[in-house]
Every structure is written in C-alpha cells, then in structure tokens.
Amino acid sequence: MSEGVSIEQYLYDGITGILKREARAFFSNHRESVFIARYAKAAKKASEKRAAAEKEGTSVPAFLIASITSVCNLHCAGCYARAMDACNDSAPSQQMTAEEWGKVFQESKDLGISFILLAGGEPLIRKDVLREAAKYPQILFPVFTNGTLLHGECMDLLDSSRNLVPVISLEGGREATEARRGKGTYQYLEKDMAEMKSRGILFGASVTVTTKNMAEVLSDEFVDDLSAKGCSVVIYVEYVPAESGTEDLAPGDADRAVMNERLTVLRRRMDKMVFLSFPGDEVATSGCLAAGRGFFHINSHGGAEPCPFSPISDTNVRDVGVAGALKSGLFQALRESGLQEESHSGGCALFGKEERIRELINKES
C-alpha cells in the first residue's frame with residue numbers, strides 16, 4: 001500500500017478490482033454481469049458510508065468473517081478449527097439462529113460493510129443462513145466450503161443468488177487434496193466445478209499453502225487447470241501449524257518471497273483471474289488486518305473475535321450488535337499494542353499469542 005492510502009481504500013480498491021476483472025471474464029454471461037454491475041454500485045455507496053463514519057470517529061471495516069456453524073462433515077488433517085475446538089460433528093444448542101445472522105447482515109449493510117466471508121465448520125450445512133444472506137445483494141458473500149455438499153438445493157441457491165460466491169478448498173491436485181481431506185473428495189470438487197462452469201456461476205478456490213505443496217499450487221499447470229475448469233479467483237492461505245509437529249509445513253520468509261514472485265508472474269500472465277494471498281497481501285496494509293483494522297471474526301455463537309486464528313472474545317454481537325463489537329475493548333487494545341505488526345511464521349500474526357492477548361483483556365477489565 002502506497003504512503004497516504006488508507007487501509008479502507010486499499011480494501012475497497014481490492015474489491016472493485018476483482019469486480020472489474022470479473023466483469024471482463026463474464027462479459028458474455030448476462031446474469032453474472034448484471035449482478036457485478038449492481039454490486040459495484042452498492043460497494044461504492046458502502047465505501048462512502050464507511051468514509052462518513054470515519055469522519056465521525058468510527059472505523060468500520062469493509063470485511064467481516066462469519067463462521068455460521070461449528071459443524072463439519074469432514075475431518076481434514078491439520079484442521080486449525082478442530083485443533084482449537086471450534087469445529088464439531090454436531091451442533092451445540094447455543095449457535096446463532098438464521099434470524100440472528102439476518103440481523104448481523106442487515107446491520108452490516110447499514111454500516112457499509114460490503115463483503116462477508118461465510119465459513120464454518122462447513123457453511124453449506126446452514127442452508128437457512130445462506131438463504132438469509134441471499135436477501136442482501138448489496139453484500140458479497142464468499143462461501144468457503146469443502147465442496148462435498150455443493151449439489152442439488154445448494155447449487156440451485158447459488159445459481160439464483162449471485163451474491164453467494166462458492167470458494168472450494170483444494171490442496172493441489174487429486175493426490176494432495178485427498179491426502180488431507182479424505183479419499184473421494186476430489187471427485188466431488190471436479191463435478192462441482194464442471195456444473196458451476198456450465199451454469200456460469202462465479203466461483204473461486206482456497207488453497208492451503210505448505211512447504212510441501214507450494215511448487216505444485218503455484219505452478220502454471222495447476223493454475224491453467226483451474227482456469228480451464230472455470231475458476232476465476234484463487235486465494236492462497238498459508239498453513240497454520242495448529243497441530244504440534246507440523247511446524248515445518250508453515251512457509252517461512254524465504255518461502256513467502258518465492259510465493260510473492262510467483263503471484264506477480266501469475267497476475268500478469270492470467271489477467272482474467274484474481275490471485276490473493278493471506279497473510280502475504282497484508283504487507284500492503286502495514287500489518288495484520290484483524291481486530292477491526294480491516295475485518296473481525298464472528299464465531300458461530302456470536303462471539304466477536306480478532307480473527308479465526310485468534311478465538312478470544314470479550315463481547316458478543318447478540319448483546320451489542322456489529323457496531324458494538326467494533327468498539328470492543330479487546331480490539332482497541334490489540335490495535336494499540338503493536339502485536340499485529342510483529343513478524344510471524346505462518347497464518348495469522350496473532351496465532352500462538354493467546355496468553356498475551358488475554359493479558360490485554362485482563363488489563364481492560
């Protein structure tokens with residue numbers, strides 16, 4: 001990010017840049033083009049709302065991450081959510097209802113939040129929440145899914161509600177994906193991608209990057225294959241070593257340098273695709289964007305957390321709403337502490353700093 005450009009402007013430029021690229025990619029797809037044009041106008045209005053709030057002393061991020069369920073139908077190797085007990089096989093009774101999530105979406109729209117990433121668990125389990133999200137075309141909802149439930153009613157909902165953008169999880173090709181996610185999972189993804197391409201549905205892929213698969217997932221061959229399957233957005237997420245003994249899988253500084261070089265090449269070579277990286281692209285925003293600097297996380301029970309990799313909360317949106325969560329004492333203390341600007345080895349800048357973060361809560365109380 002160049003000097004003088006705010007984080008909010010960087011995020012807004014990123015969103016509109018994606019939409020401009022997608023408009024070129026989908027110029028022959030009338031339904032997708034109409035949605036993209038309408039959303040671009042809504043995103044501009046949302047940006048103006050955030051700018052007005054900033055002048056009044058309230059910082060509103062462009063993004064939210066919402067884990068709408070803690071339930072997942074897979075047991076992926078090295079899953080950070082299960083390692084931190086944020087993912088289960090059955091739903092706890094205290095999870096947010098679809099109506100409560102609808103209130104979050106409505107308030108987010110009113111505040112000027114235009115981009116809400118839906119995660120889990122496996123978000124496609126919560127069709128009721130997806131139907132609520134579909135009511136808000138002013139907000140883009142990337143849905144991060146393992147893809148095994150992406151058929152039938154779910155596929156029809158995505159087709160009719162273009163603000164829901166599926167982002168399927170891959171680890172590379174068949175061998176790498178099934179090694180982590182289970183035998184047979186890749187065939188679901190291939191079938192899903194073929195159907196989404198035939199329906200003209202905008203979709204992306206989320207790729208967990210490790211020291212073992214980096215060469216494969218950053219290769220021309222891998223990206224060309226995704227492009228041929230109809231994928232338009234690729235999000236590279238560095239592996240977070242949630243399980244002891246897997247630290248060597250997390251990319252280091254040298255690996256990140258290689259990754260950044262490859263992304264520069266890919267962005268020039270594949271101008272109809274969008275490539276994002278986390279946390280690599282945070283270099284442009286002078287550090288981690290969590291705790292309300294650029295986004296925050298709402299867990300399946302409504303707890304407002306700095307990010308999914310830092311599941312610590314001092315407030316709940318059920319009690320204070322989204323606006324109240326933005327005023328969280330923990331978030332403010334984190335932004336002032338300097339923890340988000342510190343160097344880190346993979347995933348999130350706050351991951352592994354739980355004790356220091358809890359100390360901030362204790363100071364606030």
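Residues numbered from 1 in each chain as written. Predicted model: local features only at pLDDT ≥ 70, side-chain atom pairs only at ≥ 80, totals over all residues. Heavy atoms only, no water.

Student: When you look at the overall build of the chain in this model, what are you seeing that I'm missing?
Tutor: Check the secondary structure of the chain and you find 14 helices and nine strands. At a minimum sequence separation of 6, the contacts of the chain that also span at least 24 residues come to 71%. (Helix = DSSP H or I, 4+ residues; strand = E, 2+ residues; numbered from the N terminus. Contact = heavy atoms within 4.5 Å.)

Student: Where do I start with the side chain of glutamate 171 in this structure?
Tutor: Within the secondary structure, glutamate 171 is located in the loop between strand E4 (164-170) and helix H7 (174-181). Side chain to side chain, glutamate 171 and arginine 181 meet in a polar contact 2.6 Å long. With residues up to four places along the chain from it excluded, the contact list for glutamate 171 reads Ala176, Thr177, Arg180, Arg181, Thr208, Asn213 and Val217. (Polar contact = N/O pair within 3.5 Å; in protein donor to acceptor, adjacent residues only side chain to side chain.)

Student: Would you mind showing me how to read the pattern of salt bridges here?
Tutor: When charged atoms on two side chains of opposite charge get close, those side chains can pair. Tallying each qualifying case throughout the model produces 20 salt bridges. A salt bridge links glutamate 171 to arginine 181; the nearest nitrogen and oxygen atoms lie 2.6 Å apart. Of the two residues, glutamate 171 is situated in the loop between E4 and H7 and arginine 181 in helix H7; the sequence distance between them amounts to ten residues. On the accessibility criterion, glutamate 171 (4% relative accessible area) is buried. (Salt bridge = Lys/Arg side-chain N within 4 Å of Asp/Glu carboxyl O. Buried < 20%, exposed > 50% of the residue type's maximum accessible area, 1.4 Å probe, protein only.)

Student: Would you mind going over the nonpolar core with me for this structure?
Tutor: A general feature of soluble globular proteins is that nonpolar side chains tend to end up buried together. Of all hydrophobic cores here, the largest spans 68 residues; its most connected members are Phe105, Leu118 and Tyr236. With sequence-adjacent residues up to four places away left out, phenylalanine 105 is seen in contact with Ile116, Leu118, Val129, Glu132, Ala133, Tyr136, Ile139 and Phe141. Phe35, Ile36, Phe115 and Phe295 belong to the second largest nonpolar core, which has 26 residues in total. (Core = buried A, V, L, I, M, F, W, Y, C linked by side-chain atoms within 4.5 Å.)

Student: Looking at this structure, I do not really get helix H8 (residues 185-199). What am I missing?
Tutor: Between its first and last C-alpha atoms H8 spans 22 Å; for 15 residues at 1.5 Å apiece the expected length is 21 Å, and the two agree. For H8, the full list of buried residues reads Thr185, Tyr186, Leu189, Asp192, Met193 and Met196. Seen end-on, H8 carries its buried residues on one side only, within an arc spanning 120 degrees. The exposed set on the far side of H8, more than 90 degrees from its buried face, consists of Lys191 and Ser198. On its buried face, H8 sits against helix H6 (153-160), E4, H7 and helix H10 (220-228). (Expected span 1.5 Å × (residues − 1). Arc of directions from axis to C-beta.)

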